[in-house]
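Overview (structure and organization)
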Amino acid sequence: MTDVHAPQSQPESAAAEDEAARSFALDQTGTAEGGSGTTSPPPAANAGWLRWGWRQLTSMRTALVLLFLLALGSIPGSVLPQQGSDAGAVQQYYASHPSLAPLLNHLGLFNVFAAPWFAAIYLLLFASLVGCVVPRTFRLVGAARTPPPRAPRNLARLPHSSTYSSALPPDAAVAGAAAILGGQRFRLRRSESDAKDHWVSAEKGYLREVGNLLFHLSLLGVLLSIAAGGLFGYKADKLLVQGQSFSDTVSALDEFHPGRLVSGDDLAPFSVTLNNFTANYIDSGESRGQPSNFDASVSYTSSPGAKPGTYHIRINDPLSVDSLKVYLIGHGYAPEFKVTGADGKVAYEEATPFIPANTGTFESDGVVKVPDASLGFMGVFEPTAFSANGTLTSIFPAADAPAVSLIGYYGNLGMNDGVPQSVYQLDTSGMTKLSGSPHLLTPGQTWQLPNGKGSITFVGVKQWVSLAITYDPGQVPALVCGILALAGLLLSFFVRRRRVFVRAVPAASGAGSVVTVGGLTRSDASGGFEEEFAELAAEIASAEPGNNSELPGA
Amino acid sequence: MFKAKRRTVVTVTAAAAVLLGGALAATLLTSGSSTASATNMVEYQAGQRPLAPNLTGKSLTGTSLNLSSYRGKVVVLNFWGSWCSPCRDEAALFAGLSQQDAPKGVVFLGDDVGDTPANALAFTSSQRITYPSFNDPGYAVVAQISQVVPVHDTPTTVVIDKTGHVVGTIIGAATYSELTTLLRDAAVTQ
Amino acid sequence: MVNLGYAHTSNDFLIAALLIYSLAVIAFAGDYAFGRPKRAAALAKTAAVGAKALVTVGAADGTGISDSTDTSDTADSAGTSDSAAAGDAPAAAPRPQQPVGAFKAMWEAGPWVRSAVALSALGALAHLVAVITRGLAVDRAPWGNMYEFITALTCVAAIFFGYIVVRYRAWALGVFVMGAVVLALGLAETIIYTPAGPLVPALQSYWLSIHVTAMTLATGIFFVAAVLGIMYLVAERYRKRIAAGKAKPGNGLIDRIPSAAQLDKLTYRTVVFGFPVWTFGVIAGAIWADQAWGRYWGWDPVETWAFITWVIYAAYLHARATAGWRGARAHYIQLLGFASLITNMLVVQVFITGMHSYAGVN
């Protein structure tokens, strides 16, 4: 990156033409030297302060420091639980580190990537980026419009050079060389037609800088796309039991995270029904118990009254409805219970989602709340139940031998005071336990509750899936910018800016001329200019009649 | 000379735009999203009431329900679920008012969301709610009315006047004063 | 279904590769101890006769990497002072010899180099067979868990190193690069080993072939760059000690590795090669994440560390263009980048729970 006030690199005076060659090669390092933010003492006047500050901001050293800070600042975001991805884990952290957690929260460490200090780092970095890219764009445009410099007098001093004799007079020899170089898409500059010395200057490789600028600007584009997605997009979650359906409306969703400029009214009016969910597990061999396949068979309508469609949502295969996508994120078991109250009437009948506690065996925990019979149950569901030494576990994730173990409570569930409760948690503070030890049920069995409080029947097992619905208008632009960034990167690494000069002087013997070809390149990241130069020189030489063996230089 | 000055201006402007724009977007994106309005009652003035769509569905007992069949009466439409604590909190109010205001030409309707009929009927039975409710486990009716007025929470109560236009909505557990305010204003039609 | 026959073949070939690589490392070391002094002595003799044979393109050299663009860069990397290092190519050589083919040069370098390179090639072949048969055993791209990932990336590193040996005559680096490969493979075989098995549904996607392949390639390339970077730091420290008069240039082990300047350039070129591949891998990962998880970037710990690695390597590339940050400092940055990569692979994926925990290691 360069300073705004970097020196121009195209001196015109003949006396400096050798300098032109050398400064071309040094340009990369020379201006980097100038722009490295050598710590000059800040000047006294205000405008001078601004200029000093600006130079510091756009210097390479500042960019380096900011890059380090960006990397360093991301580390706590990966080590500490983050609010955005796992709010539950953040709660647990508070519980286990009661004195440390509030301090970390104050520093914004539980939401690092949305924290103001993190934003400050990448904003400064991008400001520095823009402050470097814009002047360089001007300079590129200027360089593209300026013809290549005059050929230096002594080409043999260049890093690559080659000399040969030609039977043609100097101007014809140079013209032939120019034709070849022009055919290779070099930009040319010829000596004046009336001058005594004949030379041609060729330059190529502007794409390198174009690629560099494209890369950096595309990063800015990625940032803008992410911002657009964050402002105008939304994410939502919904848990659906087999057989259930839902319409895409805010109250139906379990979680709804709208972008800042999105409201619930913007949701598309589609609906999805979960017809069936199948999960297959490997049942033998070393990978026994590992899932092999998930398939959520759904039907959906993109708007009320539209023709329904069907789809199989799999983990790497989301459903696209209009510009939304519906993903299969998780799954679990929903054992179905029927509860009758003390009066014998049915107070509850529903397949109740249980949350897996063990992702290998799918032992799951859940709660059944029957406020209208003043009953509550905490349950542990085992898909393939196995009892060893009195403890109940599951030995396989498929529901081959389901069983549920229940603890019953009677009393006030605390649901009448109007405070919303989690459907997965039972507040037993106002309740009494119905029996000392858990009661085990297999499908079809009923537990007659003590003291005539009612009964609970384990009817059967259904499965549930959790779906994620996302809308992100910044997604495609971000991808496009990412691909452009990659393209720019490749260009800037593998294209080299190089100059080739050809000079011809009349041969000492009078007939023909001695032609010298010289070339140099800016720092060549990928190598390979030597070969290119050798090929060019050979091609120029071989195109001319009567040339002698070359003396390849250095 | 001037060229260099102009370049500097452009560059500095661009960088400043990035900084300021970014800071603005960052604050927009990260400040806590408060979608809930300050008041939990939204009311529409007499000339600006949106027309409620014709909500149709089956009731909890299997009969057909149809909002337009109640044209000519004021309708209080309450979105509830048996799993919902605030719904239990307001249930007594609705049970009482529905009996009291029936002779005045006010009809109470419910929309039971995210429930099974068994659970819902246990609720209505224990809370002594006698008016019918849509059986809406998939929020289809909610989606229908959301096209006109936002129903983003459970419970939500929507009051519709005799011509089928929405007078107002109450978000969260309804209070007596809110309901009676809307009912009184429902009587004022154009 | 897992084809157990192929799975066993894969294991056998991997162990064979490990053994052959170990022998190659011994041969490279033997070249250090015995081969070089011989070559240096022979060179000294011919130099005394007044020949023009100094290190340029194609000479069967005894000291450095023969880099065909070496001399051109002395003009454009004006900051590096490599003249003090022993065995460097002078900027203006007299009439050079005819270029010698790479394989001929290897042959002429002596029996130790011949056996070392041959063993490395044989080992890489066995390694490749191991990777391929693993893929056949499980009927998918064989980089679905940590073990497979390490075996694949070390295979990439070994083959890439082979390319460097031929292109840049860099067999002097063999002890270090192949030694590191042996260590990594040993780790994979013992601690990280996972039997062949099908993939969990989340990984059943053609994106596995794209994203993980790119990350495997990039890691293999950065692996080589890291080894070169360590060698650079050693060579640079030695050069400084010579310049300060604290050590004498001589027959020490360090004297036999390529000069700091050459290593610096080679490392840079390697990182330049790997950085776009890593970038592509991250982009491909984002596209796959969008397919599988509903968002293309969620700051999942593994995603975050891939980002951190990317930023650090970007810092290395910037450092090389900044005064005062070239040389050793830049290499520290590059090694920090590789450390971040390793942390991502071995620590973050295994110990920090996130959506990206597919290591298969318990």
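Residues numbered from 1 in each chain as written. Chains lettered and ligands numbered in written order. Predicted model: local features only at pLDDT ≥ 70, side-chain atom pairs only at ≥ 80, totals over all residues.

**Let's talk about the overall build of chain B**
For clarity, the cut-off: A run of DSSP states H or I qualifies as a helix once it reaches four residues; a run of E qualifies as a strand once it reaches two. Both are numbered from the N-terminal end. To get the radius of gyration, use the C-alpha atoms; to get the globule rule, take the number of residues to the power 0.38 and multiply by 2.2 Å. Buried means a residue has 20 or more other C-beta atoms within 10 Å of its own C-beta, exposed means 12 or fewer, and partly exposed covers the counts in between; C-beta atoms are placed from the backbone. What counts as a contact is two residues whose backbone-derived C-beta atoms lie within 7 Å of each other.
Helix and strand counts for chain B stand at five helices and eight strands. A globule of 190 residues ought to have a C-alpha radius of gyration of about 16 Å, yet chain B, at 24 Å, is considerably larger. When its C-alpha atoms are laid out on the principal axes, chain B stretches across 85 × 40 × 30 Å. When the 190 residues of chain B are sorted by exposure, 43% land in the buried category. Of all intrachain contacts in chain B linking residues separated by at least 6 positions in sequence, the fraction that spans at least 24 positions is 69%.

**Things to note about the overall build of chain A**
For chain A, the helix and strand inventory stands at ten helices and 24 strands. Within chain A, contacts between residues at least 6 apart in sequence are counted, and of these 64% link residues at least 24 apart.

**With respect to the interface of chain A and chain B**
Taken together, the contacts link 46 residues of chain A with 45 residues of chain B. For the side of chain A that touches chain B, the elements supplying multiple residues, two or more each, are α6 (116-145), α8 (206-232), β5 (245-247) and β12 (346-351) of chain A. Element by element, the count of residues in the side of chain A that touches chain B is highest for α6 of chain A, at nine residues.

**Remarks on the pairing of strand β8 (residues 291-301) of chain A**
What counts, and what does not: If DSSP finds at least two bridges between two strands, the strands pair.
Here strand β7 (residues 271-281) of chain A pairs with β8 of chain A via ten bridges, running antiparallel. Looking at the pairing, L274 of chain A lines up with V298 of chain A of β8 of chain A.

**So, the environment of D266 of chain A**
Looking at where D266 of chain A falls in the secondary structure, it is placed in the loop between β6 (255-258) and β7. Separated by 34 residues in sequence, D266 of chain A and F232 of chain A place their C-alpha atoms 9.9 Å apart.

**Let's talk about the nonpolar core**
Soluble globular proteins tend to bury their nonpolar side chains together. Which entries qualify depends on this criterion: Definition of nonpolar core: a set of buried Ala, Val, Leu, Ile, Met, Phe, Trp, Tyr and Cys residues joined via C-beta atoms within 7 Å.
Counting 253 residues, the largest nonpolar core has L67 of chain A together with I221, V224 and V311 of chain C as its most contacted members. For this core, the leading source of residues is helix α8 (residues 260-293) of chain C, giving 19 residues. Aside from chain neighbours lying at most four places away, what touches L67 of chain A is L125 of chain A together with V311, A314, A315 and H318 of chain C. Grouped together as the second largest cluster of nonpolar side chains are 27 residues, I180, A202, V515 and L520 of chain A included.

**Considering the domain arrangement of chain A**
All names here are of chain A. The cut-off we apply is this: Residue ranges for the domains trace back to a domain assignment, done automatically or taken from a database. Each residue gets one of three labels, nonpolar for Ala, Val, Leu, Ile, Met, Phe, Trp, Tyr, Cys and Pro, charged for Asp, Glu, Lys and Arg, and polar for the others, Gly among them.
Partitioning chain A into structural domains gives domain 1 (14-145), domain 2 (155-204 + 496-542), domain 3 (229-330 + 469-485) and domain 4 (332-463). A straight line from the C-alpha centre of domain 3 to that of domain 4 covers 29 Å. Those elements that place two or more of their residues in the side of domain 3 that touches domain 4 are β4 (234-241) and β7. For the side of domain 3 that touches domain 4, the residue count by class is four nonpolar, three polar and no charged.

**What about the confidence of the model for chain B?**
Residues and elements named next belong to chain B. To be explicit about the condition: pLDDT: the predictor's confidence for each residue, scored from 0 to 100.
Mean pLDDT over chain B: 86, with 91% of residues reaching 70 or higher. Segment residues 33-38 is flagged for pLDDT under 50; beyond a separation of four residues in sequence, or across chains, it makes five contacts in the model. Prediction confidence for the complex, expressed as pTM and ipTM, is 0.79 and 0.83 respectively.

**Brief notes about helix α2 (residues 85-101) of chain B**
Residue and element names in this part refer to chain B. Applicable threshold: In this analysis, the expected span of each helix is defined as 1.5 Å times one less than the number of residues it contains. The angle separating two fitted axes, one through the seven residues that finish at a residue and one through the seven that start at it, defines the bend at that residue.
Here α2 is 17 residues long and its end C-alpha atoms lie 25 Å apart, about the 24 Å a rise of 1.5 Å per residue gives. The sharpest bend along α2 comes to roughly 40°, located at A91. Where α2 is concerned, the buried positions are P86, C87, R88, E90, A91, F94 and S98.

**Brief notes about the sheet that holds strand β23 (residues 498-506) of chain A**
All names here are of chain A. We count it as follows: Each axis is a line fitted through C-alpha atoms, and for a helix only the stretch in contact is used; angles between axes span 0 to 180 degrees, taken between their N-to-C directions.
Pairing in this open sheet of five strands is antiparallel, and the strands run β1-β24-β23-β3-β2 from one edge to the other. Strands with a single pairing partner mark the edges of an open sheet, and in this sheet they are β1 (160-166) and β2 (187-190). With strand direction ignored, the average angle separating the axes of adjacent strands in the sheet is 15°. The pairing of β2 with strand β3 (residues 198-204) spans four bridges and is antiparallel. Residue pairing for β3: R190 is matched across the bridge by V200. Where helix α7 (residues 170-183) meets the sheet, it contacts β1, β2, β3, β23 and β24 (513-521), and its direction lies at approximately 10° from that of β3.

**Describing the environment of R189 of chain A**
All names here are of chain A. Along the chain, R189 turns up in strand β2. Sequence separation between R189 and A178 is eleven residues; the distance between their C-alpha atoms is 8.8 Å. Not counting chain neighbours up to four residues away, the residues in contact with R189 comprise P147, P148, V200 and S201.

**What about the confidence of the model for chain A?**
Residue and element names in this part refer to chain A. Taken residue by residue, chain A gives an average pLDDT of 84. The fraction at 70 or more is 89%. Ranking the helices and strands of chain A by mean pLDDT puts strand β14 (residues 364-370) first, with 95, and helix α1 (residues 17-35) last, with 44. This model gives residues 549-554 a pLDDT under 50, and the stretch forms 16 contacts once residues within four places in sequence are excluded.

**Here we look at the pairing of β23 of chain A**
Residue and element names in this part refer to chain A. Of all nine residues in β23, seven are buried, a share of seventy percent or more. With seven bridges connecting them, β3 and β23 associate as antiparallel partners. When the bridges of β23 are listed, V200 appears paired with V502. The antiparallel hairpin formed by β23 and β24 contains six residues in its connecting segment, where G510 sits at a positive phi of about 100°.

**Overview of the packing of helix α3 (residues 60-79) of chain A against α6 of chain A**
Residue and element names in this part refer to chain A. Rules: In this scheme, roughly parallel covers angles under 35 degrees and roughly antiparallel covers those over 145, while 65 to 115 is roughly perpendicular and the rest are oblique. Throughout, a crossing is termed right-handed when the near helix is turned clockwise from the far one, and left-handed when it is turned anticlockwise from it by less than a right angle.
Between α3 and α6, the shortest axis-to-axis distance is 10 Å and the interhelical angle comes to 150°. One way to sum up the angle between α3 and α6 is to call them roughly antiparallel. Here α3 and α6 pass one another in a crossing that is left-handed. On the side of α3, the interface is formed by T62, A63, L66, L67, L69, L70 and G73, while α6 contributes F118, I121, Y122, L124, L125 and S128. The class makeup of the residues in the contact of α3 with α6 is ten nonpolar, three polar and no charged.

**Examining the sheet that holds β5 of chain A**
Residue and element names in this part refer to chain A. Taking strand neighbours across the sheet as the criterion, the four strands line up as β5-β7-β8-β9 in an open arrangement whose pairing is antiparallel. Each edge of the open sheet carries a strand with a single partner, namely β5 and β9 (309-313). Taking the axes of each pair of neighbouring strands and ignoring which way they run, one obtains an average angle of 25° across the sheet. By the bridge criterion, three bridges tie β5 to β7 in an arrangement that is antiparallel. Looking across to β7, one finds that S245 is bridged to T273.

**Considerations on helix α5 (residues 176-186) of chain B**
All names here are of chain B. As a reminder of what qualifies: Our arc is simply the arc of the directions from the helix axis toward the C-beta atoms.
Where α5 is concerned, the buried positions are E178, L179, L182 and A186. With its buried residues spanning 95° around the axis, α5 presents them on a single face. Every exposed residue of α5 that faces more than 90 degrees away from the buried side is listed here: Y176, S177, T180 and R184.

**Concerning the environment of P148 of chain A**
Within the secondary structure layout, P148 of chain A lies in the loop between α6 and β1. Residues within four places of P148 of chain A in sequence aside, it is in contact with R187, R189, S201, A202, E203 and R499 of chain A.

**Points about the packing of helix α7 (residues 207-243) of chain C against α8 of chain C**
Residues and elements named next belong to chain C. Where α7 contacts α8, the axes come no closer than 7 Å and their chain directions differ by 155°. Comparing the axis directions of α7 and α8 gives the class roughly antiparallel. Viewed along their axes, α7 and α8 form a crossing whose handedness is left-handed. A class-by-class count of the residues in the contact of α7 with α8 yields 25 nonpolar, eight polar and three charged.

**So, unusual backbone geometry**
Leaving glycine aside, a negative phi is the common case for residues, and trans is the common case for peptide bonds. A cis amide bond links T154 of chain B to the next residue, P155 of chain B, at an omega of 5°. Positioned with a positive phi, D322 of chain A is a non-glycine residue whose angle comes to about 50°. Along the polypeptide, D322 of chain A turns up in the loop between β10 (319-321) and β11 (324-340). The class of D322 of chain A is exposed, set by 11 C-beta atoms lying within 10 Å. If you check the backbone angles, R128 of chain B has positive phi at about 55° while not being a glycine. With respect to the helices and strands, R128 of chain B occurs in the loop between α3 (117-127) and β6 (133-136). Judged by C-beta crowding, with 13 C-beta atoms within 10 Å, R128 of chain B ranks as partly exposed.

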